[in-house]
Amino acid sequence: MKQKQLVDSPYEKKGDIIVQNKSRRKFFTQAAGLASIAAFAAACDKDDNNMSGAVDLGTGDFGILNYAYALEQLEAAFYTQVVATPYSGMNAVETSFMTDIRDHEIAHREFFKAALGTMAIKALEVDFSTITFTSRDSVLATAKAFEDLGVTAYNGAGYLIKDANYLLLAGKIVSVEARHAALIRELIAANSFLGDSVDSNSVNLSRTPDEVLAIAGTYIKTKINASNLPKG
Amino acid sequence: MNIITILEDIEKVDGEVYERLSPRRKAMKEFFSFGSKAALTAIPLGLGAMLNKAYGQTVPAGVINVLQYALTLEHFEYRFYERGATLAPIPAGAEKTAIEAIRDSEKKHVDFLKLVITGAGATPVAEKANYDFTAMGTFPTVFTSYATFLAVAQVLEDTGVRAYKGRAGELLGQKVYLTAALGIHAVEARHAAKIRYMRRLNGQAPTMKPWITGGNDTGIAAANGNYGGTIPESNVNQAGVIITNIAGVGGNISVNAATEAFDEPLTAAEVLALVAPFGVS
């Protein structure tokens, strides 16, 4: 906490003044210096679970991977519950689809956990109290929200990734999330595989980490601190 | 993507961004604030060009190259559906509606990429005058058999997903261009899932899943290459993590689930070799 305060206060106080009064070149130089100090400080207090017990996703590419890991934890927990307590009227085909998706999400979650190693955030506590698992409508609506959210999350964070190998891994996963999203949408209504998931150019929407976590937060009890993620 | 967000982000590091872009800052802000819908669609419309002009930079040739590659493939995909919707014996109703929706989606990608490329200061590649949708006789019934048409559609969509994925790394850190490419990539995956599900529902491929299982799961041997490559769809090793060693529910993750859970890339050379028989280059 001490390190954070030391770094944060001058950054915030001086930020505007620098932008307004000094040359752009000088601003960039100083901002870069401060950013690296901030990154160092964030790395130091990563395990502290500061900010009133919030889990810190961390910085840089590991931060983005932890962000993805958090979302995959949410999805895996959801589908595990869906398969364990099927909604009324779940037929054999739907059961096999839900089981497939559950396994995909577990694979994603465990992949990130293994890849992150000691940098991985802890297991998150979910809150599914708003979901009626006995209701097909409730489950599919939630599944649609999660899958569409996941796609916008990966798409919106892609440019923040610095290492091409990590970007490729994110790309390998996001298209599978998009396949899930399309299928879930079709289970709800025929020919809704695109719907409001795309803009007028038929390009999938994207969201910033803050936007995504604000939505996902409804279903995650553990507080998440995303403030150290790259800002682009 | 939201142009206001982009401009605000730039403003954080360069307070004079609006002045650089236009001396009439107020007009600029009003233009982009003209309803969120308009702002969302307006992003590619010369944004790249405006920023480049403002900062005296050019878009890297590598970025342009990827965009032209994407446009080359989208030209072909659009014509495939445009011709197919007219010629192929697609049942009227929901299936016809789906094919027309995908056709329209591909057309939007073509138009979008043309704008992005133009905005980036380059000339969009022209579409080919003719394509060979039979792939030099490999699919002679592509527009006379609905089953063949849908099977080829599935192969093309899955290949499109792999094509975008394979070149994402060349757009590393490019907020506008990478986000746009990823946005199209996801839509191609949605198309692929839909086509696959259609084939299952209409009985042409009764066990087909919306995701790629094992490798070439299309039932068409001629498409083996579309699911192979340097990193084949059958891959279960992700960055050193063997996915089939992961504990699932009641046992390890199966080979099927492990291959389904990760789509794999194709290199540009691999894709261009696969589409060459269709007259795409």
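This text goes with the structure placed above it.
Residues numbered from 1 in each chain as written. Chains lettered and ligands numbered in written order. Predicted model: local features only at pLDDT ≥ 70, side-chain atom pairs only at ≥ 80, totals over all residues. Heavy atoms only, no water.

Participant: Would you mind showing me how to read the overall build of chain A here?
Facilitator: What chain A contains, in helices and strands, is 8 helices and 2 strands. Written out in order from the N terminus, the α and β elements of chain A read α-α-α-β-α-α-α-α-α-β. When each of the 232 residues of chain A is scored for burial, the buried share is 53%. For chain A, the share of sequence-separated contacts (at least 6 apart) that also reach a separation of at least 24 residues comes to 77%. Surface accessibility of chain A: about 9900 Å² in total, with carbon and sulfur atoms responsible for 56%. (Helix = DSSP H or I, 4+ residues; strand = E, 2+ residues; numbered from the N terminus. Buried < 20%, exposed > 50% of the residue type's maximum accessible area, 1.4 Å probe, protein only. Contact = heavy atoms within 4.5 Å. Areas by Shrake-Rupley, 256 points an atom, 1.4 Å probe, with all protein chains shown as cover.)

Participant: What should I look at first to understand the overall build of chain B in this one?
Facilitator: Per the secondary structure count, chain B includes 12 helices and 2 strands. In chain B, the succession of α and β elements from N to C terminus is α-α-α-α-α-α-α-α-α-α-β-β-α-α. Expressed as a percentage of its 281 residues, the buried residues of chain B come to 54%. Restricting to contacts in chain B with at least 6 residues of sequence separation, those with at least 24 account for 72%. If you sum the accessible surface of chain B, you get close to 11100 Å²; carbon and sulfur atoms cover 58% of it.

Participant: I would appreciate a short explanation of the interface of chain B and chain A in the present structure.
Facilitator: A common measure of how large an interface is: the accessible area buried when the components associate. Taken together, the contacts link 67 residues of chain B with 57 residues of chain A. When chain B packs against chain A, the two sides together hide about 5100 Å² of surface, and 67% of this comes from carbon and sulfur. Measuring nitrogen to oxygen at the nearest pair gives 2.6 Å for the salt bridge that ties Glu-264 of chain B to Lys-172 of chain A. The tally of links between chain B and chain A comes to 24 residue pairs in polar contact (both at pLDDT 80 or more). (Buried area = accessible area lost by both parts, 1.4 Å probe. Salt bridge = Lys/Arg side-chain N within 4 Å of Asp/Glu carboxyl O. Polar contact = N/O pair within 3.5 Å; in protein donor to acceptor, adjacent residues only side chain to side chain.)

Participant: Would you take a moment to explain the nonpolar core for this structure?
Facilitator: Inside soluble globular proteins, nonpolar side chains tend to come together where they are buried. Formed by 99 residues in total, the largest nonpolar core has its most connected members in Tyr-67, Phe-78, Met-98 and Phe-112 of chain A together with Tyr-177 and Ile-243 of chain B. Sort the elements by how many residues they give to this core and helix H4 (residues 60–84) of chain A lands first, with 13 residues. Counting residues in each nonpolar core, the second largest holds 44 residues, with Phe-76, Ala-88, Phe-149 and Ala-193 of chain B among its members. (Core = buried A, V, L, I, M, F, W, Y, C linked by side-chain atoms within 4.5 Å.)

Participant: In this structure, what is going on with the environment of Thr-152 of chain A? I would like to understand it.
Facilitator: Residues and elements named next belong to chain A. Tracing the backbone through its elements, the reader meets Thr-152 in helix H6 (residues 136–157). Look at Thr-152 and you get buried, because its relative accessible area is 4%. Sequence spacing of Thr-152 and Ala-84 is 68 residues, and the spatial spacing of their C-alpha atoms is 27 Å. Beyond its immediate sequence surroundings of up to four residues, Thr-152 is in contact with Asn-204, Leu-205, Ser-206, Arg-207 and Val-212.

Participant: What should I look at first to understand the environment of Trp-211 of chain B in this one?
Facilitator: For Trp-211 of chain B, the location among the structural elements is in the loop between helix H9 (175–201) and helix H10 (224–227). Spatially, the C-alpha atoms of Trp-211 of chain B and Asn-130 of chain B are 31 Å apart, while their sequence positions differ by 81 residues. Sequence-distant contacts of Trp-211 of chain B, that is, excluding residues within four places in its chain, are made with Phe-97, Asp-100, Ile-101, His-104, Arg-179, His-180 and Leu-183 of chain A together with Arg-196, Asp-217 and Glu-260 of chain B. Side chain to side chain, Trp-211 of chain B and Asp-100 of chain A meet in a polar contact 3.1 Å long.

Participant: In this structure, what is going on with unusual backbone geometry? I would like to understand it.
Facilitator: A negative phi angle is the norm for most residues apart from glycine, just as the trans form is the norm for most peptide bonds. Phi is positive for Ser-202 of chain A, close to 60°, though the residue is something other than glycine. Structurally, the position occupied by Ser-202 of chain A is in the loop between helix H7 (164–188) and helix H8 (209–216). For Ser-202 of chain A, a relative accessible area of 2% translates into the label buried. The phi torsion at Met-136 of chain B lies on the positive side, around 55°, for a residue other than glycine. Assignment of secondary structure puts Met-136 of chain B in the loop between helix H7 (94–119) and helix H8 (146–167).

Participant: Hey, could you run me through the layout of surface pockets in this one?
Facilitator: Gaps left between atoms are located by rolling a probe of water-molecule size over the structure's atoms. Residues and elements named next belong to chain A. By volume, the second largest pocket amounts to about 250 Å³. Every residue lining the second largest pocket is counted, 16 residues in all, and those nearest its centre are Lys-144, Ala-145, Asp-148, Leu-149 and Arg-207. Elements supplying a minimum of two residues to the lining of the second largest pocket: H6 and H8. Within the lining of the second largest pocket, the residues separate by chemical class into 7 nonpolar, 3 polar and 6 charged. (1 Å grid on protein atoms, 1.4 Å probe; cavity = no way out; pocket = protein on both sides within 12 Å on 5 of 7 lines; lining within 4 Å. Points joined across faces, edges and corners; volume = space filled by probe spheres on them. Nonpolar A, V, L, I, M, F, W, Y, C, P; charged D, E, K, R; others polar.)

Participant: It is not clear to me how the side chain of Thr-213 of chain B should be interpreted in this structure. Could you clarify?
Facilitator: All names here are of chain B. With respect to the helices and strands, the residue Thr-213 is situated in the loop between H9 and H10. Residue Thr-213 is classed as buried on the basis of its relative accessible area, which comes to 17%. Separated by 2.9 Å, the side chains of Thr-213 and Glu-260 make a polar contact. Residues within four places of Thr-213 in sequence aside, it is in contact with Asn-256, Thr-259 and Glu-260.

Participant: Would you take a moment to explain the packing of helix H6 (residues 61–87) of chain B against H7 of chain B for this structure?
Facilitator: The angle between the axes and the distance between the axes are what describe a pair of packed helices. All names here are of chain B. In contact at an axis separation of 8 Å, H6 and H7 are set at 150° when each is read in the N-to-C sense. What the angle tells us is that H6 and H7 run roughly antiparallel. In the packing of H6 onto H7, the handedness of the crossing is left-handed. Listed contacts from H7 to Leu-67, Gln-68, Ala-70, Leu-71, Glu-74, His-75, Glu-77, Tyr-78, Tyr-81, Glu-82 and Ala-85 of H6 are Lys-96, Ile-99, Ile-102, Arg-103, Glu-106, Lys-107, His-109, Val-110, Leu-113, Lys-114, Val-116 and Ile-117. Among the residues forming the contact of H6 with H7, the class breakdown is 12 nonpolar, 3 polar and 8 charged. (Axes fitted to C-alpha atoms, helices over the stretch in contact; angles between N-to-C directions. Parallel < 35°, antiparallel > 145°, perpendicular 65-115°, else oblique. Left-handed = near helix turned anticlockwise from the far one by under 90°.)

Participant: Teacher, can you tell me more about H8 of chain B here?
Facilitator: An α-helix turns once per 3.6 residues; consequently, residues spaced three or four apart project the same way. The first and last C-alpha atoms of H8 of chain B sit 32 Å apart over 22 residues, in line with the 32 Å expected at 1.5 Å per residue. Most of H8 of chain B is tucked away, with 20 of its 22 residues classed as buried. (Expected span 1.5 Å × (residues − 1).)

Participant: How should empty space enclosed by the protein be read in this particular structure?
Facilitator: Scanning the model with the defined rule gives 7 cavities of 30 Å³ or more in all. Lining the largest cavity are 16 residues, and of these Tyr-164, Lys-165, Arg-167, Ala-168 and Ala-181 of chain B lie nearest its centre. Here the residues of the lining of the largest cavity sort into 12 nonpolar, 2 polar and 2 charged. Space inside the second largest cavity adds up to approximately 90 Å³. If you trace the second largest cavity, you find it lined by Ile-64, Leu-65, Tyr-67, Ala-68, Leu-71, Phe-112, Ala-153, Tyr-154, Ala-157, Ile-161, Tyr-166 and Ala-170 of chain A. Going through the elements one at a time, H4, H6 and H7 of chain A are the ones with two or more residues in the lining of the second largest cavity. Among the elements that make up the lining of the second largest cavity, the one with the highest residue count is H4 of chain A (5 residues). Here the residues of the lining of the second largest cavity are counted per class, giving 12 nonpolar, no polar and no charged.

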